[in-house]
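Residue-level structure breakdown
Here is what each chain is made of, one letter per residue.
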Amino acid sequence: MNPSQWFTEQVPAAGSAFSLKIKQKVHEEQSEFQHLEIYETETFGYLMVIDGCTMVSTRDNFFYHEMMSHPALYTHPNPKRVWIIGGGDCGTLREVLKHDSVEHAVQIDIDERVTRLAEIYFPELCASNNDPRADLKFIDGIKWVKDAAPNSVDIIIVDSTDPIGPALGLFSEDFYRDCYNCLSENGMIVQQSESALFNMTLIGEMRDAMSASGFNHLQTLFFPQCLYPSGWWSATLASKTDLSTFREQDSTDKPFETIYYNIDIHKASLAQPEFFKKAFTK
Ligand code: SAM
């Protein structure tokens, strides 16, 4: 195997790696915030890598973007105002804007270069960027939330990189408290929460910090994502109100296309594996 023909992301702590066969590296730069690379792969379309970690591929991004958005949007009773912290590839924004109830969706990514590259290499993910309800800001999401007034938003989706570099503070109790303070009465956060096989400590700390900042209702949901370490990913919802039901009829009648999400997938994603229940049942 010629290593120059493969992109590999190693996870040394897990003794694991994932590789994609590449045709060529088509872009590389050091932005003000992070190291950005784009590869053209043999079978996954384009691949974006930030600081050596896989972020998004043409072929499999739908799992992540659909599961970061639709379960939360069908759980909130009437989501009108949505913020996406991070999410610079714009795929989550596109999914959020499929919901007619949404009147204003703000994407707040610290690094404008991520979005400019997505516009070139992932134009399908940027298809809704000119929707009049879309608002793209390029500033630090931590500061955005800290400065926000109470009752300014219904759902905050934290579509961030791993908890390193500029994303570290997005996994902190201070950040969750600031989210709590600017969310509306039925408000909720949904945050990508890594792999339950590799990152149980991180998930536990995240859930503890969410609870400590006032969110009484937590729900971690699971979905496949072969691009990310272990191939099995999660998102964690933290809400001010009950998370045990969602708008099943609206989910069944969804007036838009998805590739992965539907009501059965939604229900299945809520099933808690035995080891997870044992870890988090108090
Ligand atoms: N789906 C990806 C994953 O789970 O690995 C995340 C993709 S998205 C491209 C992550 C984005 O988070 C990046 O564009 C990065 O610039 C952004 N980001 C990191 N820290 C941030 C912060 N403090 N405020 C806003 N955006 C941030």
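Residues numbered from 1 in each chain as written. Predicted model: local features only at pLDDT ≥ 70, side-chain atom pairs only at ≥ 80, totals over all residues. Heavy atoms only, no water.

So, the packing of aromatic side chains
For the coordinates displayed, the defined rule picks out 17 aromatic pairs. Relative to Tyr 176, the ring of Phe 175 lies with its centre 5.9 Å away and its plane at 55°, an arrangement referred to as tilted. We note that Phe 175, like Tyr 176, is buried. With a centroid separation of 5.2 Å and 20° between ring planes, the pair formed by Phe 222 and Trp 232 is classed as stacked. You can see Phe 222 sitting in strand E11 (residues 217-224) and its partner Trp 232 sitting in strand E12 (residues 232-239), a full ten residues away along the chain. Note on Phe 222: relative accessible area 8%, which makes it buried. Members of the aromatic cluster, each reached through a chain of ring pairs, are Phe 222, Trp 232, Phe 275, Phe 276 and Phe 280. Residue placement shows Arg 59 over the ring face of Phe 44; its charged tip is 4.8 Å from the ring centre. We note Arg 207 situated over the ring of Phe 280; from NZ or CZ to the ring centre the distance is 4.5 Å. (Phe/Tyr/Trp six-rings, centres within 6.5 Å; stacked < 30°, edge-to-face > 60°. Buried < 20%, exposed > 50% of the residue type's maximum accessible area, 1.4 Å probe, protein only. Helix = DSSP H or I, 4+ residues; strand = E, 2+ residues; numbered from the N terminus. Lys NZ or Arg CZ within 6 Å of the ring centre and 35° of its normal.)

Thoughts on the pattern of salt bridges
Scanning the entire structure with this criterion turns up 16 salt bridges. Between Arg 116 and Glu 119 there is a salt bridge, and its shortest N-O distance comes to 2.7 Å. In this pair, Arg 116 and Glu 119 are both assigned in helix H3 (residues 112-121), three residues apart and thus about one turn of the helix distant. Judged by its relative accessible area of 33%, Glu 119 falls in the partly exposed class. One connected set of salt bridges, linked through shared partners, spans Lys 25, Glu 28 and Glu 37. (Salt bridge = Lys/Arg side-chain N within 4 Å of Asp/Glu carboxyl O.)

Section: the sheet that holds strand E5 (residues 53-57)
Taken in spatial order, the five strands make up an open sheet running E1-E2-E3-E4-E5, and their pairing is antiparallel. The open sheet has two edge strands with one neighbour each: strand E1 (6-11) and E5. Pairs of neighbouring strands in the sheet enclose a mean axial angle of 45°, with direction left out of account. As paired elements, E1 and strand E2 (residues 16-30) share six bridges and run antiparallel to each other. Bridge pairing in E2 links Glu 9 to Phe 18. Running over the sheet, H3 touches E2, strand E3 (35-41) and strand E4 (46-50) and is turned about 100° from E2. (Pairing = 2+ DSSP bridges. Axes fitted to C-alpha atoms, helices over the stretch in contact; angles between N-to-C directions. Contact = heavy atoms within 4.5 Å.)

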